[in-house]
Amino acid sequence: MKLNIAILPGDGIGPEIVEQAMKVVKAVAQKFNHELAYEYGLTGAAAIDKVGDPYPAETHELCMKSDAVLFGAIGDPKFDNNPKAPVRPEQGLLAMRKKLGLYANIRPVETFESLLHKSPLRRELVEGANFVCIRELTGGIYFGEKGRKDNGNTAFDTNTYTREEIERILKLAYEFAGKRNNKLTVVDKANVLESSRLWREVAQEMAPGYPDIKTEYMFVDNAAMQIIQWPKNFDVMVTENMFGDILTDEASVITGSLGLLPSASIGIHTSVFEPIHGSYPQAAGKDIANPIATILSAAMMFEYAFNLTGEGKIIRDAVAASLAEGYVTVDIAEGKSYKTSEVGDWIAAWVEKN
Ligand code: IPM
Ligand code: MG
């Protein structure tokens, strides 16, 4: 099969972790006889520095003509403490999501036996936890009307959702739940927010159409607590953009490392695969960042964009082997730790050998 991939390394550790994922993608392509064609695009602060736009038109064209996008990370500290910056790297990520119509962000939360002792939760609470958070990605407060008034002294962001936006993400979430353990938790703040009441109304209308799936409703504050107390009770969780942003960062740490969790953003045009962690600027260029979340994002790319499950599985097996053997970066190492590039080489070599 021909695999046309756009590679957007982005900022901070983005280039080095994407490089490791590409070593693994190349090993998989060779092993399974796929023809691999890939091209790099600019995004984030790197793109602002070069062309003044965090998601340039050429990058969008490249994404549109590719079958999948492998994305690193976006963000640079020089913008974080400057609320007046006219253009920010994160706007590139949001523009990409919006223009590619990526309305669903799939974030699986899985625990690894060999890392349970790294979790901030007790082993018995977290062992075996496995759920998927489906975050709406192109609506809500991220994209609603925003601005300033009173000479800049009052600021507002608006959380807007249409019935259509809610229906399409719930439909996708129900389909996911149907392929897993038939339980869907709809997370909202319907006791306070009108937008959440529309979410709940739509969910209640749709639920009878999925009689095999148990629909549960949960307020977001309660969900934040339950992720810590009973993570094993979740199967598929679906929520709006900002609640999903916050809850998935929370959920990621219970696995023992933020450096492990991949994600897929899917919707209307080309899907994007990226780690859920950020650009970790303190580690940039030091060859210490954990490449596993990006490597697992590549596994999701094979599975979701190309429907190649064997290819995804061998990557997952290779990652599990590196964790089991302790061939890992410093963030999760017990004794000896390995460099980003060494872990990438090891996982790619495992794919070649197995
Ligand atoms: C994420 C990130 C982004 C978001 C930032 C970088 C804009 O936190 O993908 O979760 O808030 O969506
Ligand atoms: Mg986030």
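This is a predicted model, so every value here is computed, not measured.

Caption draft 1: Broad picture of the overall build of the chain. When you go through the chain residue by residue, the secondary structure sums to 13 helices and twelve strands. Relative to the 2.2 N^0.38 estimate, which gives 20 Å for 354 residues, the radius of gyration of the chain is 20 Å and therefore close to what a compact globule would have. Oriented by its inertia axes, the alpha-carbon framework of the chain measures out at about 55 × 50 × 40 Å. Put simply, the chain has 354 residues, and 54% of those count as buried. Considering only intrachain contacts with a sequence separation of at least 6, the fraction spanning at least 24 residues in the chain is 75%. Looking at the chain as shown, the accessible area adds up to about 15200 Å², and 51% of this sits on carbon and sulfur atoms. Counting 37 positive and 48 negative side-chain charges, the chain places the centres of these two groups 1 Å from one another.

Caption draft 2: Structural detail: helix α5 (residues 89–99). Among the residues of α5, those classed as buried are Pro-89, Gly-92, Leu-93, Leu-94, Met-96 and Arg-97. Following α5 by one or two positions, Gly-101 adopts a phi angle in the positive range, close to 65°.

Caption draft 3: View of the site of ligand 1. In the vicinity of ligand 1, the residues found are Glu-90, Leu-93, Arg-97, Arg-107, Arg-135, Tyr-142 and Asp-245. Between ligand 1 and the protein, one listed contact pairs an oxygen atom with a side-chain N or O atom of Asp-245 at 2.9 Å. In isolation ligand 1 exposes 320 Å². Once the protein is present, 77% of that is buried. Within the shell around ligand 1, the residues separate by chemical class into two nonpolar, no polar and five charged. Lining the shell around ligand 1 are residues from two domains, each supplying at least three of them: domain 1 (1–105 + 260–354) and domain 2 (120–254).

Caption draft 4: The arrangement of the packing of helix α1 (residues 14–31) against helix α13 (residues 340–353) in detail. The geometry of α1 relative to α13 is characterised by a closest axis approach of 9 Å and an angle of 10° between their N-to-C directions. In terms of orientation, α1 lies roughly parallel with respect to α13. Side by side, α1 and α13 meet where Glu-16, Gln-20, Lys-23, Val-24, Ala-27, Val-28 and Lys-31 of the first sit next to Thr-340, Ser-341, Gly-344, Asp-345, Ile-347, Ala-348, Val-351, Glu-352 and Lys-353 of the second. Residues that form the contact of α1 with α13 fall into these classes: six nonpolar, four polar and six charged.

Caption draft 5: Examining the domain arrangement of the chain more closely. Here the chain is described as being made up of domain 1 (1–105 + 260–354) and domain 2 (120–254). For domain 1 and domain 2, the distance between their C-alpha centroids amounts to 25 Å. At the interface, 14 residues of domain 1 touch 15 residues of domain 2. Across the domain 1/domain 2 interface, buried area totals approximately 1300 Å², and carbon plus sulfur atoms make up 67% of it. The three residues of domain 1 that bury the most area against domain 2 are Lys-98, Tyr-103 and Asn-105, which together make up 47% of that side's buried surface. Counting across the domain 1 and domain 2 interface gives zero salt bridges. At the junction of domain 1 and domain 2, the tally comes to three residue pairs in polar contact (both at pLDDT 80 or more). Secondary structure elements with two or more residues in the side of domain 1 that touches domain 2: α5, β4 (104–110) and β11 (262–266). With three residues, α5 is the single largest residue contributor to the side of domain 1 that touches domain 2.

Caption draft 6: Seen up close, the nonpolar core. Core analysis: the biggest nonpolar cluster contains 87 residues, and Ile-106, Ile-134, Leu-170, Leu-184, Val-238, Leu-323 and Ile-347 have the highest contact counts within it. Per-domain counts for this core show at least three residues from each of domain 1 (1–105 + 260–354) and domain 2 (120–254). Core analysis: the next-biggest nonpolar cluster, separate from the first, contains 13 residues, Ala-6, Val-69, Phe-71 and Met-96 among them.

Caption draft 7: Representation of the packing of aromatic side chains in the model. Going through the model one piece at a time under the given rule, you end up with eight aromatic pairs. Plain terms: the ring middles of Tyr-161 and Trp-199 are 5.3 Å apart, the flat faces sit at 90° to each other, and that makes the pair edge-to-face. One end of the pair, Tyr-161, is in the loop between β7 (154–157) and α7 (163–179); the other, Trp-199, is in helix α8 (residues 194–206), with 38 residues separating them in the sequence. Trp-199 shares its class with Tyr-161; the two are buried. When the centroid spacing of 5.4 Å and the interplanar angle of 15° are considered together, the rings of Tyr-327 and Trp-346 count as stacked. Within this pair, whereas Tyr-327 is found in the loop between α12 (309–324) and α13, its partner Trp-346 is found in helix α13, the two being separated by 19 residues in sequence. By way of ring pairs, the aromatic residues Tyr-327, Tyr-338 and Trp-346 are connected into one cluster. Above the ring of Phe-176, the side-chain terminus of Lys-179 is found at 5.8 Å from the ring centroid.

Caption draft 8: Fine view of the pattern of salt bridges. Counted according to the given criterion, the structure contains 22 salt bridges. Lys-65 is the salt-bridge partner of Glu-39, the closest N and O atoms lying 3.5 Å from each other. Of the two residues, Glu-39 is situated in strand β2 (residues 35–40) and Lys-65 in helix α3 (residues 57–65); the sequence distance between them amounts to 26 residues. A relative accessible area of 40% places Glu-39 in the partly exposed class. By relative accessible area, Lys-65 is classed as exposed at 55%. Of the charged contacts in the structure, one is a salt bridge between Arg-197 and Glu-194, with a shortest N-O distance of 2.9 Å. Of this pair, Arg-197 and Glu-194 both sit in helix α8, separated by three residues, roughly a single helical turn.

Rules used in this analysis
- Residue indices follow the written sequence of each chain, beginning from 1 at its first position.
- Chain letters start at A and ligand numbers start at 1, both assigned in the order the entries are written.
- For this predicted model, a pLDDT threshold of at least 70 governs which residues receive local features, and a threshold of 80 or more governs which side-chain atom pairs are given and counted, while totals over whole chains, interfaces and linings are taken from all residues.
- Based on all heavy atoms of the structure, the side-chain values leave hydrogens and waters out of the count.
- Helix numbers and strand numbers start at the N terminus; a helix is a DSSP run of H or I with at least 4 residues, a strand a run of E with at least 2.
- Between the two quantities, the radius of gyration covers C-alpha atoms and the globule rule is 2.2 Å times the number of residues to the power 0.38.
- To sort residues, take the accessible area from a 1.4 Å probe on protein chains only and compare it with the maximum for the residue type: under 20% means buried, over 50% means exposed, and anything in between is partly exposed.
- Throughout, a residue-residue contact means that at least one pair of heavy atoms, one from each residue, lies within 4.5 Å.
- Only the protein chains shown count as cover for residues, and all accessible areas are computed by the Shrake-Rupley method using a 1.4 Å probe.
- A residue counts as positive if it is Lys or Arg and as negative if it is Asp or Glu; His and the chain ends are not included.
- To locate a charge, the coordinates of NZ of Lys, CZ of Arg, CG of Asp or CD of Glu are taken.
- Near residues are defined by distance, with any heavy atom within 4 Å of the molecule or strand qualifying the residue.
- Identification of polar contacts relies on pairs of N or O atoms within 3.5 Å, with a donor-acceptor requirement for protein atoms, meaning one able to donate a hydrogen and the other able to accept it, and with residues adjacent in sequence counted only if both atoms are side-chain atoms.
- Classification used: nonpolar for Ala, Val, Leu, Ile, Met, Phe, Trp, Tyr, Cys and Pro, charged for Asp, Glu, Lys and Arg, polar for all others including Gly.
- Domain extents, as shown, originate in an automatic or database domain assignment.
- Working convention: axes come from line fits to C-alpha atoms, limited for helices to the stretch in contact. Angles between N-to-C directions cover 0 to 180 degrees.
- Comment on the angle field: the value is read as roughly parallel under 35 degrees, roughly antiparallel over 145, roughly perpendicular from 65 to 115, and oblique elsewhere.
- A simple way to read buried area is as the amount of 1.4 Å-probe accessible surface that goes missing from two parts once joined, with both sides added.
- Take a side-chain nitrogen of Lys or Arg and a carboxyl oxygen of Asp or Glu: if they are within 4 Å of each other, that pair is a salt bridge.
- For the purposes of this section, nonpolar cores are sets of buried Ala, Val, Leu, Ile, Met, Phe, Trp, Tyr and Cys residues that join through side-chain atoms within 4.5 Å.
- Pairing of aromatic rings covers Phe, Tyr and the six-membered ring of Trp, with a centre-to-centre limit of 6.5 Å; geometry is then stacked below 30 degrees between planes, edge-to-face above 60, and tilted otherwise.
- Sitting over a ring, as applied to charges here, requires NZ of Lys or CZ of Arg to be within 6 Å of the ring centre and within 35 degrees of the ring normal.

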